[in-house]
Amino acid sequence: MCLPTFVDIHTHIDKAHTCERSRNLNGTLAGADAACANDFQHWTLEDAKRRMGFAIQCAYAYGTSAMRTHLMSGEERQSKIAWEAFGKLREEWRGKVELQGVSLSVLSFFRDETKARALARMVKSYGGILGAAVSCSDAGGTPLDVHTTCGADMPKLLDVIFSLAKEYNLDVDFHCDENGNESSKGLLHISEAVIRNNFKGSVVCGHCCSLAVQPNEQAKRIIDAAREAGVTVVSLPIVNQWLQNRDPTNEATPTRRGVTRVKELARAGVPVCLSSDNTRDQFFQYGDCDMLEVFRSSVCIAHLDRPFGSWPLALAANPSRAMRLGEKSGMIAPGAKANFVLFRARNYSELFSRSQHDRVVIRDGVRIATALPDYEELD
Ligand SMILES: [Zn+2]
């Protein structure tokens, strides 16, 4: 089996490898938010660089050639550390792992137009992407969620984001609908805002879990709007299986899978990507930025194997296009760079049944070293 090198379009490497020092006590999304805020006391530029560099090194060894990471951008001091570390690592890794950064703040952040404009300017200075969390808490889509749903103000706040993105010529990337609430329709609101603002940049929506609990007719309406708006949807099946539908008391077994309607989206013509999301942090206690693990788990969680069809596109070609990495990036094609991964397997069953730790990664026609860094480097 041979696959193009992977493009991991949705990660959070600024938080990576912090799960042991700042534990998520009950394993829920709310527990993650609380423990994540608590972890900031440990952040320095050196700490962030070490953890982020470790994550990139692992991704590179597993065969990833480009990564987009969301960066904590709501609180000023934390934002400064995350973006500075990102900027340094992007230079260090250029030509090996192309890095893109997205600002991550809640929708209510954009109520303050002065702060919002300063954020857009900072993102522009790093060549980054403008982001926000929309209808994305456990209470997303309800009046209880004042930070990411913002009641009747959501369309107005989305218009602020899109007008800043147009003014500063930025692409956008949202977290949305990371819950199981039928009333959570961030994807619909974002799609309508794209059309209303006549926005022509690249628009990415990650998670979209609540689409799975919409009645079929409603889901179809949302999917049609996403297609019309040209939105790319990113599903994060491993993390959402771990985080979604978790009982805070840890007595009940989960019954939902947390994955969005990837098949219906793809069939309707919405580009779908599969990605890592969090790595050993408060939102997911495991993971190592291995896109083969993402592929294998996604196949089992979302039943992508009858048939496998074009699902490999979700790991390289589709994210490459949304990230504007170049016409032939993410593909094995005449004239494309010789960037691919070879596995000791002749079919998907053999591919997914072993760890593939002995894979061969070829970059620009040359085999690279694929030893993983030792965890002690994080001590
Ligand atoms: Zn995320």
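The coordinates are above.
Think of each chain on its own: its residues are numbered from 1, step by step along the sequence as written. The model is predicted, so local features are restricted to residues of pLDDT at least 70 and side-chain atom pairs to those at 80 or more, both for listing and for counting; the totals for chains, interfaces and linings are taken over all residues. Computation of side-chain values: all heavy atoms of the structure, hydrogens and water removed.

Draft legend 1. Just the pairing of strand 7 (residues 203-207), in detail. Buried residues are those whose accessible area, probed at 1.4 Å on protein chains only, stays under 20% of the maximum for their type, while exposed residues exceed 50% and partly exposed ones sit between those limits. The secondary structure listing takes helices from DSSP runs of H or I that are at least 4 residues long and strands from runs of E that are at least 2 residues long, numbered from the N terminus. Burial of strand 7 is extensive: five of the five residues sit out of reach of the surface. Pairing between two strands is assigned when DSSP locates at least 2 bridges connecting them. In the sheet, strand 6 (residues 172-176) pairs with strand 7 via five bridges, with the strands oriented parallel. Paired with Phe-174 across the two strands is Cys-205, which belongs to strand 7. Think of it like this: strands point away, you trace from the first strand over the helix to the second, and a clockwise trace means the crossover is right-handed. For the segment spanning strand 6, helix 6 (residues 186-196) and strand 7, crossover handedness is right-handed. You can see the chain leave strand 7, run along helix 7 (residues 216-229) and come back into strand 8 (residues 231-235), and the turn it takes is right-handed.

Draft legend 2. Region of interest: the layout of surface pockets. Using a 1 Å grid laid over the protein atoms alone, points where a 1.4 Å probe fits but cannot get out form a cavity; open sets with protein on both sides within 12 Å along at least 5 of 7 lines form a pocket; any residue with an atom within 4 Å of a point counts as lining. Grid points are joined across faces, edges and corners, and a volume is the space filled by probe spheres set on the points. Estimated volume of the largest pocket: approximately 670 Å³. For the largest pocket, the lining is made up of 30 residues, of which Asp-33, Met-72, Leu-104, Val-106 and Phe-283 are closest to its centre. For the lining of the largest pocket, the element with the most residues is helix 1 (residues 29-39), which contributes four residues. Note that Gly is not counted as nonpolar here; it falls among the polar residues with everything else outside the nonpolar set of Ala, Val, Leu, Ile, Met, Phe, Trp, Tyr, Cys and Pro and the charged set of Asp, Glu, Lys and Arg. Taken together, the residues that form the lining of the largest pocket break down as 13 nonpolar, eleven polar and six charged. In this structure, the second largest pocket spans a volume of roughly 530 Å³. Residue lining of the second largest pocket: 30 residues in total, with Ala-66, Glu-98, Arg-324, Leu-325 and Ser-329 positioned closest to the centre. For the lining of the second largest pocket, the elements supplying multiple residues, two or more each, are strand 3 (64-72) and strand 4 (98-104).

Draft legend 3. Geometry of the sheet that holds strand 4. Taken in spatial order, the three strands line up as 2-3-4 in an open sheet, and their pairing is parallel. If you trace the sheet from one side to the other, it starts and ends with strand 2 (6-11) and strand 4, each paired once. The average angle at which neighbouring strand axes cross in this sheet is 15 degrees, direction not considered. Two elements, strand 3 and strand 4, share seven bridges in a ladder whose sense is parallel. Counted as the bridge partner of Leu-71 is Ser-103 from strand 4. Comment: axis = line fitted to C-alpha atoms, over the contacting stretch for helices; angle = value between 0 and 180 degrees taken between N-to-C directions.

Draft legend 4. Quick peek at the coordination of the zinc ion. Around the zinc ion, the protein supplies His-10 (NE2), His-12 (NE2), His-175 (NE2) and Asp-277 (OD) as donor atoms, at distances of 2.0 to 2.5 Å. Seen from the zinc ion, its four donor atoms lie at angles of 85 to 177 degrees, and the figure they make is irregular. Read from N- to C-terminus, the donor residues coordinating the zinc ion fall into the pattern H-x1-H-x162-H-x101-D. Placement of the pair is His-10 in strand 2 and Asp-277 in the loop between strand 9 (272-274) and helix 10 (291-302), with a sequence separation of 267 residues. No difference in accessibility class separates His-10 from Asp-277, as the two residues are buried. Metal donors were taken as nitrogen, oxygen and sulfur atoms no farther than 2.8 Å from the ion, or 3.2 Å where the ion is Na, K or Ca. Water is excluded, so coordination may look unfinished. Under the classification used here, a metal with four donors is tetrahedral if each angle lies between 85 and 135 degrees, square planar if opposite donors are over 155 degrees apart and the others between 65 and 115, a six-donor metal meeting that same test is octahedral, and anything else is irregular.

Draft legend 5. Looking closely at the environment of Leu-3. Relative to the helices and strands, Leu-3 resides in strand 1 (residues 2-4). Along the sequence, Leu-3 and Leu-236 sit 233 residues apart, while their C-alpha atoms lie 20 Å from each other. Residues count as neighbours in contact if any of their non-hydrogen atoms are within 4.5 Å of one another. Ignoring sequence-local partners within four residues, the contact set of Leu-3 consists of Pro-312, Ile-332, Phe-340, Val-341 and Phe-343.

Draft legend 6. Quick peek at empty space enclosed by the protein. This structure, assessed with the given rule, holds one cavity of 30 Å³ or more. Reported here for the largest cavity is a volume of approximately 60 Å³. Of the residues assigned to the lining of the largest cavity, the class counts are four nonpolar, four polar and three charged.

Draft legend 7. The environment of Ser-135, seen in detail. Examined against the element boundaries, Ser-135 turns out to sit in the loop between strand 5 (130-134) and helix 5 (154-167). Using a relative accessible area of 1% as the deciding quantity, one classes Ser-135 as buried. Sequence spacing of Ser-135 and Cys-2 is 133 residues, and the spatial spacing of their C-alpha atoms is 39 Å.

Draft legend 8. Layout of the environment of Val-213. Position of Val-213 among the secondary structure elements: in the loop between strand 7 and helix 7. Each C-alpha atom of the pair Val-213 and Ala-165 lies 31 Å from the other, and the pair is 48 residues apart in sequence. Among all residues touching Val-213, those that are not within four sequence positions of it are Gly-180, Asn-181, Glu-182 and Arg-256.

Draft legend 9. Representation of the sheet that holds strand 7. The five strands are arranged 5-6-7-8-9 in an open sheet whose pairing can be described as parallel. Only two strands of the sheet have a single neighbouring strand rather than two, namely strand 5 and strand 9. Averaged over all neighbouring strand pairs, the angle between strand axes comes to 25 degrees, with direction disregarded. In the sheet, strand 5 pairs with strand 6 via five bridges, with the strands oriented parallel. Bridge pairing in strand 6 places Ala-133 opposite His-175.

Draft legend 10. Structural context of the packing of aromatic side chains. Pairs were defined over the aromatic rings of Phe, Tyr and Trp, the Trp ring being its six-membered one, requiring ring centres within 6.5 Å. Orientation was assigned from the angle between planes: stacked under 30 degrees, edge-to-face over 60, tilted for the rest. Using the criterion set out here, one finds 16 aromatic pairs in the structure. Both rings, one in Trp-242 and one in Phe-284, keep their centres 5.8 Å apart while their planes meet at 80 degrees; by these two values the pair is edge-to-face. One end of the pair, Trp-242, is in helix 8 (residues 237-243); the other, Phe-284, is in the loop between strand 9 and helix 10, with 42 residues separating them in the sequence. Given a relative accessible area of 17%, Trp-242 falls into the buried group. The exposure class of Phe-284 is buried, given its relative accessible area of 7%.

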